[in-house]
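# An overview of the molecular structure
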Amino acid sequence: EHKIKTDTHHVSVRERVDYLERMMGDSVDRHAKEIEALKVSHSKVVTDAKAQHGKVAELVVLAKEATEVHHASVQERLAYLENLLKESTDKHSRHEKAADA
């Protein structure tokens, strides 16, 4: 009877150990898959971030160029107005001189 109890106990322990080993193995496999999925996801995030950085840098260059064009346009318009004012002043002076003569 003692031998039967001992054998039953060993079987029970063996079954429990087998069960725990299976659970550990399943857990390791599941974690390995999750880690691999995280690596893939991280890689995609890094790739997307680099692409976005490139787009932002491109937009900064375009904005700078647009500002320079606008600045040049303002300078050109200002020069035109200054020239127009000078011509008007000159014309006015000529008319005054002609009226005084």
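For the structure itself, look to the data block above.
Presented here is a report on the structure given in the accompanying data block. (Residues numbered from 1 in each chain as written. Predicted model: local features only at pLDDT ≥ 70, side-chain atom pairs only at ≥ 80, totals over all residues. Heavy atoms only, no water.)

What follows concerns the overall build of the protein chain. A tally of helices and strands in the protein chain yields 1 helix and 0 strands. Taking 2.2 N^0.38 as the reference for a compact globule, 101 residues should give roughly 13 Å; the C-alpha atoms of the protein chain span a radius of gyration of 43 Å, well beyond that estimate. Along the first, second and third principal axes, the C-alpha atoms of the protein chain reach 145 × 15 × 5 Å. Burial analysis of the protein chain (101 residues in total) assigns 0% to the buried set. (Helix = DSSP H or I, 4+ residues; strand = E, 2+ residues; numbered from the N terminus. Rg over C-alpha atoms; globule rule 2.2 N^0.38 Å. Buried < 20%, exposed > 50% of the residue type's maximum accessible area, 1.4 Å probe, protein only.)

Now for the pattern of salt bridges. Pairing between side chains becomes possible if they bear opposite charge and their charged atoms approach one another. Enumeration over the complete set of coordinates arrives at 2 salt bridges. As a salt-bridge pair, D48 and K44 come within 2.8 Å of each other at their nearest N and O atoms. Of this pair, D48 and K44 both sit in helix α1 (residues 2–100), 4 residues apart, which is roughly one turn of that helix. When the shortest N-O distance is used, the salt bridge between K86 and D90 registers 3.3 Å. (Salt bridge = Lys/Arg side-chain N within 4 Å of Asp/Glu carboxyl O.)

There is a patch of nonpolar side chains on the surface, built from Y19, L20 and M23 and spanning about 310 Å² of accessible area. Secondary-structure assignment places L20 in helix α1. (Patch = residues over 30% accessible without salt bridge, like charges linked within 9 Å, V, L, I, M, F, W, Y side chains within 5 Å. Areas by Shrake-Rupley, 256 points an atom, 1.4 Å probe, with all protein chains shown as cover.)

The next thing to look at is the environment of I4. Positionally, I4 belongs in helix α1. According to the relative accessible area criterion, I4 is exposed, its value standing at 59%. In this structure, the C-alpha to C-alpha distance between I4 and E65, residues 61 residues apart in sequence, is 91 Å.

Moving on to the environment of E36. On the secondary structure map, E36 appears in helix α1. Taking relative accessible area as the criterion, E36 reaches 44% and is therefore assigned partly exposed. Separated by 10 residues in the primary sequence, E36 and D26 have C-alpha atoms spaced 15 Å apart.

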